[in-house]
Amino acid sequence: MSTKKIQIEDSWKQVLASEFEKEYFKNLKQFLIEEKAKHTIYPPGNEIFSAYNSTPFEKIKVVIIGQDPYHGPGQAHGLCFSVPEGIKTPPSLRNIYKELVSDVGIEIPQSGDLTNWAKQGVLLLNATLTVRAHQAGSHQKKGWEQFTDHSIRSISDNREHVVFLLWGAFAQKKAILIDDSKHLILKSVHPSPLSAHRGFLGCKHFSQTNEYLIKQGMLAIDWKP
């Protein structure tokens, strides 16, 4: 993954240009080259930066932060919580859909593909952008977090009135990167089956997000995938 070969949307390329030249990113690239020689890596190389490519920097209205990609075959396609068309909806996403039904009254979606959200300005960003097949968290602390933290901080510094949805303890730690005097931060427990009943279900984050966006003179998000 040479820097020249990195296909990333133009507005993001400007925001992230300095990161691609830093030592940590060069080390990360080397790590990924070595990993790919021995193991299957998810998502596929051309989808590693899908979150960025689907949601240009100046179009961001909402940021949802995940931890790392799904590690099963065919599941990860570069958007947090999302799976490609035709792949079974994972448990956390099923709970996200349950909350959508009770909060904004849409029917339970059949598809787990959240690309429609991304196209409307919902940045679906995992803190770690790659993973080894069948090994959750295997690419954490290799440099991706520094890269995505810079992304979050850049949104906070250079944009206004963005809604950050921080679900779970890991995502909530990212609040220190965000200026809450000019952005809206909504927090809850993670939508995973282990914790969703402790406050995610009933959090009404989707309707609160749209109320805030409308108040700022922006179009609401159509939450149907």
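Caption draft 1: Quick look at the overall build of the protein. The number of helices and strands found in the protein is 8 helices and 6 strands. A globule of 225 residues ought to have a C-alpha radius of gyration of about 17 Å, and the protein, at 17 Å, matches this closely. Dimensions of the protein, computed from the C-alpha atoms along their principal axes, are close to 45 × 35 × 25 Å. Each of the 225 residues in the protein was classed as buried or not, and the buried ones make up 55%. Partitioning the contacts of the protein with sequence separation of at least 6, the portion at a separation of at least 24 is 68%. Summing over all exposed atoms, the protein offers an accessible surface of approximately 10,600 Å²; the carbon and sulfur share of this is 51%. Across the protein, the 27 positively charged side chains and the 23 negatively charged ones have centroids separated by 4 Å.

Caption draft 2: Quick look at the nonpolar core. Residues Phe49, Ile64, Trp117 and Phe147 are the most contacted members of the largest nonpolar core, which totals 65 residues. The residues contacting Trp117, other than those within four sequence positions of it, are Ile64, Ile96, Leu100, Val122, Leu124, Phe206, Asp222, Trp223, Lys224 and Pro225.

Caption draft 3: Seen up close, the packing of helix α1 (residues 10-20) against helix α6 (residues 144-158). As a packed pair, α1 and α6 sit with axes 10 Å apart at the nearest point and diverge in direction by 135°. Judged by the inter-axis angle, α1 sits oblique to α6. Two packed elements cross with a definite hand, and for α1 against α6 that hand is right-handed. Along the contact surface, α1 presents Trp12, Val15, Leu16, Glu19 and Phe20, while α6 presents Gln146, Phe147, His150, Ser151, Ser154 and Ile155. In terms of residue class, the contact of α1 with α6 is built from 6 nonpolar, 4 polar and 1 charged.

Caption draft 4: Representation of the sheet that holds strand β2 (residues 62-66). Read across the open sheet, the 4 strands follow the order β3-β2-β5-β6; overall the sheet is parallel. Each edge of the sheet is formed by a strand with only one pairing partner; in this case those strands are β3 (122-126) and β6 (184-188). Direction aside, the axes of adjacent strands within the sheet are offset by 20° on average. Direction of pairing for β2 relative to strand β5 (residues 163-167): parallel, over a ladder of 3 bridges. Residue Val62 lies in a different strand from β5, and its bridge partner there is Val163.

Caption draft 5: Structural view of the pattern of salt bridges. Within this structure, the stated rule accounts for 4 salt bridges. In this structure, Lys22 and Glu19 form a salt bridge, with 2.7 Å as the shortest nitrogen-oxygen distance. The class of Lys22 is partly exposed, set by a relative accessible area of 36%. Across the pair Glu35 and Arg132 runs a salt bridge, and its minimum N-O distance is 2.7 Å. One end of the pair, Glu35, is in helix α2 (residues 23-38); the other, Arg132, is in strand β4 (residues 131-132), and 97 residues separate them in sequence.

Caption draft 6: Broad picture of the packing of aromatic side chains. Considering all chains together, one arrives at 18 aromatic pairs under this definition. Taking 5.1 Å as the distance between ring centres and 85° as the angle between the ring planes, the aromatic pair formed by Trp12 and Phe57 counts as edge-to-face. Here Phe57 lies in the loop between α3 (50-54) and β2 and Trp12 lies in helix α1, a separation of 45 residues in the sequence. Its relative accessible area of 0% is what places Trp12 among the buried residues. On the accessibility criterion, Phe57 (9% relative accessible area) is buried. Both rings, one in Trp167 and one in Phe200, keep their centres 5.0 Å apart while their planes meet at 80°; by these two values the pair is edge-to-face.

Cut-off values and rules
Residues numbered from 1 in each chain as written. Predicted model: local features only at pLDDT ≥ 70, side-chain atom pairs only at ≥ 80, totals over all residues. Heavy atoms only, no water. Helix = DSSP H or I, 4+ residues; strand = E, 2+ residues; numbered from the N terminus. Rg over C-alpha atoms; globule rule 2.2 N^0.38 Å. Buried < 20%, exposed > 50% of the residue type's maximum accessible area, 1.4 Å probe, protein only. Contact = heavy atoms within 4.5 Å. Areas by Shrake-Rupley, 256 points an atom, 1.4 Å probe, with all protein chains shown as cover. Lys, Arg positive; Asp, Glu negative; His and termini not counted. Charge placed at Lys NZ, Arg CZ, Asp CG, Glu CD. Core = buried A, V, L, I, M, F, W, Y, C linked by side-chain atoms within 4.5 Å. Axes fitted to C-alpha atoms, helices over the stretch in contact; angles between N-to-C directions. Parallel < 35°, antiparallel > 145°, perpendicular 65-115°, else oblique. Left-handed = near helix turned anticlockwise from the far one by under 90°. Nonpolar A, V, L, I, M, F, W, Y, C, P; charged D, E, K, R; others polar. Pairing = 2+ DSSP bridges. Salt bridge = Lys/Arg side-chain N within 4 Å of Asp/Glu carboxyl O. Phe/Tyr/Trp six-rings, centres within 6.5 Å; stacked < 30°, edge-to-face > 60°.

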